[in-house]
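Fold and geometry: a report
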Amino acid sequence: SQFKQWKKAVEIDPDDKSALSNLARTLTQANSPEAPEYMARLQALQQQQQITDRVKQLNNFAIRAAEAKKWDEAVRQLKEAIDVCGKCVQLGVLRKNAGLIYVEQGDVLHAREELERAQRLLPEGPDLAAVRQALEQLRP
């Protein structure tokens, strides 16, 4: 049945919005007692996606402001992105970007603070390498 196919798709990828939406709709039409659970999961996923989109947008605005050397605007955008993000997966990159902007601004204290936070959050890779390099340059 279609219901079983959607349920299997959601089990394979719980973040598949299309499958979750179709499953929730199918269950609702069938008056299934499981419908409210899947509807709630769909709403939570949609809300998380909105947060992710807003965080990416703010990060992009901050990068553009930094490229134009509008440091205060860049910092303000990143602070808002960090607030919106909470503990989202982009937090390490946001902290890195904030730290690098503080470096450019000459604010060593805040730069070191943000870069050290980023270092604790980021996995091995180019972002972490950039953080380590920036921290090295901040050493007296």
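We now turn to the structure provided with this report. (Residues numbered from 1 in each chain as written. Predicted model: local features only at pLDDT ≥ 70, side-chain atom pairs only at ≥ 80, totals over all residues. Heavy atoms only, no water.)

Below, the discussion takes up the packing of helix α5 (residues 91-105) against helix α7 (residues 126-138). At a closest axis distance of 10 Å, the pairing of α5 and α7 adopts a crossing angle of 30°. Viewed along their axes, α5 and α7 adopt a mutual orientation that is roughly parallel. Our pair here, α5 against α7, has a crossing hand that is left-handed. Residues V93, K96, L100 and V103 of α5 lie in contact with α7, whose contacting residues are D127, A130, V131, A134 and L138. (Axes fitted to C-alpha atoms, helices over the stretch in contact; angles between N-to-C directions. Helix = DSSP H or I, 4+ residues; strand = E, 2+ residues; numbered from the N terminus. Parallel < 35°, antiparallel > 145°, perpendicular 65-115°, else oblique. Left-handed = near helix turned anticlockwise from the far one by under 90°. Contact = heavy atoms within 4.5 Å.)

Our focus in this paragraph is the pattern of salt bridges. Summed over all chains, the structure comprises nine salt bridges. Between K96 and D127 there is a salt bridge, with the nearest N and O atoms lying 2.8 Å from each other. Taken together, the residues K96 in helix α5 and D127 in helix α7 connect sequence positions 31 residues apart. A relative accessible area of 11% means that K96 is categorised as buried. With relative accessibility at 28%, the residue D127 sits in the partly exposed group. Ionic contacts of the salt-bridge type, sharing partners, join the residues R95, E113, E114 and R117 into one network. (Salt bridge = Lys/Arg side-chain N within 4 Å of Asp/Glu carboxyl O. Buried < 20%, exposed > 50% of the residue type's maximum accessible area, 1.4 Å probe, protein only.)

This part takes up the packing of α5 against helix α6 (residues 108-121). The interhelical angle for the contact between α5 and α6, taken along N-to-C directions, is 155°, at an axis separation of 8 Å. On the basis of the axis angle, α5 is roughly antiparallel to α6. In the packing of α5 onto α6, the handedness of the crossing is left-handed. Of the residues in α6, those touching α5 at L91, G92, R95, K96, A98, G99, L100, Y102 and V103 are H110, A111, E114, L115, R117, A118 and L121. Tallied by class, the residues present in the contact of α5 with α6 amount to nine nonpolar, three polar and four charged. (Nonpolar A, V, L, I, M, F, W, Y, C, P; charged D, E, K, R; others polar.)

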